[in-house]
Amino acid sequence: MHKEEQTITEVGVDNLVSEVSKMYDEGYRLVQIGCGKYDDIFEINYSFDKDYKFVNLRLKIAEGVVVPSITGVYLCAFIYENEIHDLFGVSIKDIAIDFKGNLIRTSVKNPFNTPTITKVKAAKPAKSENAAAAGAKPDVKSDAKPDTKPDAEKKKEEA
Amino acid sequence: MAGRIVVPFGPQHPVLPEPIHLDLVLEDERVVEAIPSIGYVHRGLEKLVEKRDFKDFVYIAERICGICSFTHSVGYCKAIEAIMDLQVPERAQYLRTIWSEYSRLHSHLLWLGLYADAMGFENLFMNAWRIRETILDAMEETTGGRVIQGVCKVGGVRRDISDAKLKEMTAKLDSIGGEIEDLCHVFFDDASVKHRSVGVGMLSKEDAHKLGAVGPVAKGSGIALDLRQTGYSAYGSLDFKPIVETGCDCYSRCIVRAKELAQSVDLIKQAAANIPAGDIEVKVRGNPDGEYFSRVEQPRGECIHYVKANGSKNILRERVRTPSSANIPPLVKMLEGCQMADVPVIVLSIDPCIGCAER
Amino acid sequence: MGLFSMTKTVLKSLFNKPATIRYPAEPAKRFEGTRGQMEIDIDKCIFCGLCSKHCPADAITVNKNERTWSINRLWCICCNSCAENCNKDAIYQTNVYHAPIVAGETDVDVYQGKPVEEKPASAEEKAA
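The structure reproduced in this document is the subject of the present report. (Residues numbered from 1 in each chain as written. Chains lettered and ligands numbered in written order. Predicted model: local features only at pLDDT ≥ 70, side-chain atom pairs only at ≥ 80, totals over all residues.)

**Description of the overall build of chain C**
Okay, step 1: Along chain C, the regular secondary structure elements total four helices and five strands.
Okay, step 2: Listed by position from the N terminus, the elements making up chain C come as α-β-α-β-β-α-β-β-α.
Okay, step 3: Counting over 128 residues, chain C shows a buried share of 19%. (Helix = DSSP H or I, 4+ residues; strand = E, 2+ residues; numbered from the N terminus. Buried ≥ 20, exposed ≤ 12 C-beta atoms within 10 Å, placed from the backbone.)

**Quick word on the sheet that holds strand β3 (residues 30-37) of chain B**
Residues and elements named next belong to chain B.
Okay, step 1: On the basis of which strands lie adjacent, the open sheet formed by three strands has the order β1-β2-β3 and antiparallel pairing. Only two strands of the sheet have a single neighbouring strand rather than two, namely β1 (4-9) and β3. Looking at each pair of strands side by side, their axes are set apart by 20° on average, direction ignored.
Okay, step 2: Bridge count for strand β2 (residues 21-27) against β3 is seven bridges, and the pairing is antiparallel. Along β3, the bridge assignment pairs Leu-22 with Pro-36. (Pairing = 2+ DSSP bridges. Axes fitted to C-alpha atoms, helices over the stretch in contact; angles between N-to-C directions.)

**Considerations on the interface of chain B and chain C**
Okay, step 1: The partner chain C presents 16 residues to the 21 residues of chain B that form the contact.
Okay, step 2: Taken together, the elements giving at least two residues each to the side of chain B that touches chain C come down to α1 (57-61), α4 (122-143) and α5 (163-189) of chain B.
Okay, step 3: Ranked by residue count, the leading element in the side of chain B that touches chain C is α4(B), at eight residues.
Okay, step 4: Along the lines of polarity and charge, the residues of the side of chain B that touches chain C split into five nonpolar, seven polar and nine charged. (Contact = placed C-beta atoms within 7 Å. Nonpolar A, V, L, I, M, F, W, Y, C, P; charged D, E, K, R; others polar.)

**Things to note about unusual backbone geometry**
Okay, step 1: Despite not being glycine, B:Asp28 has its phi angle at roughly 55°, a positive value.
Okay, step 2: With respect to the secondary-structure elements, B:Asp28 resides in the loop between β2 and β3.
Okay, step 3: Residue B:Asp28 is classed as exposed on the basis of its C-beta count, with 10 C-beta atoms lying within 10 Å.
Okay, step 4: One non-glycine residue, C:Arg67, adopts positive backbone phi at about 55°.
Okay, step 5: Locating C:Arg67 in the fold gives a position in the loop between β2 (60-63) and β3 (68-72).

**So, the interface of chain A and chain B**
Okay, step 1: Chain A puts 32 residues into the contact, and the matching count from chain B is 35 residues.
Okay, step 2: Only β2 (29-38) and α3 (149-158) of chain A provide two or more residues apiece to the side of chain A that touches chain B.
Okay, step 3: With seven residues, the top contributor of residues to the side of chain A that touches chain B is β2(A).

**Section: the sheet that holds strand β6 (residues 289-298) of chain B**
All names here are of chain B.
Okay, step 1: Within the open sheet, the three strands sit side by side as β6-β7-β8. Their pairing is antiparallel. Looking at which strands have only one partner, the edges of the open sheet turn out to be β6 and β8 (317-321). Direction aside, the axes of adjacent strands within the sheet are offset by 10° on average.
Okay, step 2: Bridge analysis of β6 against strand β7 (residues 301-310) gives 10 bridges, and the strand direction is antiparallel.

This is the structure we're talking about:
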């Protein structure tokens, strides 16, 4: 089974930009910036690649901490940083091209930062026209949370 | 004295396969600045990991995009298999390679057709798609689906291809080889194609490296970046080199994709000749615990599936970084200084798959 | 040559038959392995609900008390996951896709199973 070696180094908010500048000087290219929220800690992964060697820098912050932007070093980071700001609500200062929360249009603000889904029993709807029914399924325990509605509507459009 | 006007391009435009919005700041037909705006097809697919267990999530992963669907499922399955240390049988790896290359063939033929359509060359568009029908028939016969295959699963593949069928498939590829060559001949040599593509959308090699371009956008600017060389699936035992052009314009990106058609046909024939006999899947027990970045080479470039799991049935986080979202900064750079009539050709030359870019 | 590069293709298209099928007057292309709609052999079903749990689209509803199995034809994505998870091999896939539904028709197909049989008395007598 092919499994490539991937190193993960932890950095702090203070030495983030200097570590990234070191990567730039060594010729690495920025691959992606990804974010995940686990129990109130945000983990931001900065991934770099050179000649198929994969290196990561990981930044762990609590809610409310402001992160410096790396667009001064890698301009292409603006798209990832705007996405993290829109979906998770992490504030990043000094992004070179700042969309101020308008890059990804969602009906719920910071959708990936909302609490876990609760299962709610929906009322029994009329079974006739499927297009008009607002996301409730007949006789089944449904997850009737507002930001899952786009998923139910997408299923109807797909069908 | 040139005044500036702002012209909105998209989200509805005849040339765009998927909605993307660009605000073009123009000075007398020359684009000075382009501001992208995405979010029209954001479906929040990454949040669905909380609802579906890790084995059923493959169905969602392959529906991130309709064109590169098989490679998304391969990327996801590879991540889970690396976390759980599963040994996928050799035959399954070869089958995955064969289907990935068919996926690449159909995606590039689709793109060649759309590119011809962007230039107004409708006849070439329809001919490219006619050849694509043969590829889709081959996919439907073996996997059951033309666009969404649904054959990849954690631990292997769900369907097998018999050796007789493989011989039939390679014979069919031989018979359409002449048509593919005629099609590529038009793209390489035709005067109207060259007039609209040469010198348009320049992206120098340094800019491509600094802005993180991937796939044919990087290969057209002289950077030899092809994730298949890391040797995942069965690519480690196949013989090929990444195709690189140094023109740095739309024409070289077009040539890279046209040449990759012939390379994919060759890879399928190599894999079909060397495929070993054996099982097609391995049983999956337990739940994944750990994290891994899985990288695959999609038709559009490098795609990353990052999976983090903590031992329960639902994985904690799945992040997908698709090549189309990595190619948006190079697009913004390429649009500066071009003529307004060239904007559709440039936007299409990065192969925008906005459904992937936004998930 | 820069001009007339499409001549050969154009001449071929003039004299060959069209590449398109006149659907729906002619039937669509179908192969043996094409994914079509899911069917169930209701007599084999034990109403355990595994298919419903593994359905990615939540298209199947199983009611153990009334012994009904229903599937929403428009939500089903024909992925074959229910058939693979069924322990009794009751569900199978055909290669014909469901026809489009017009207004007034329902999209849910309900299958009614047989009522529960009584346990044969001889088994209890043997245990005693």
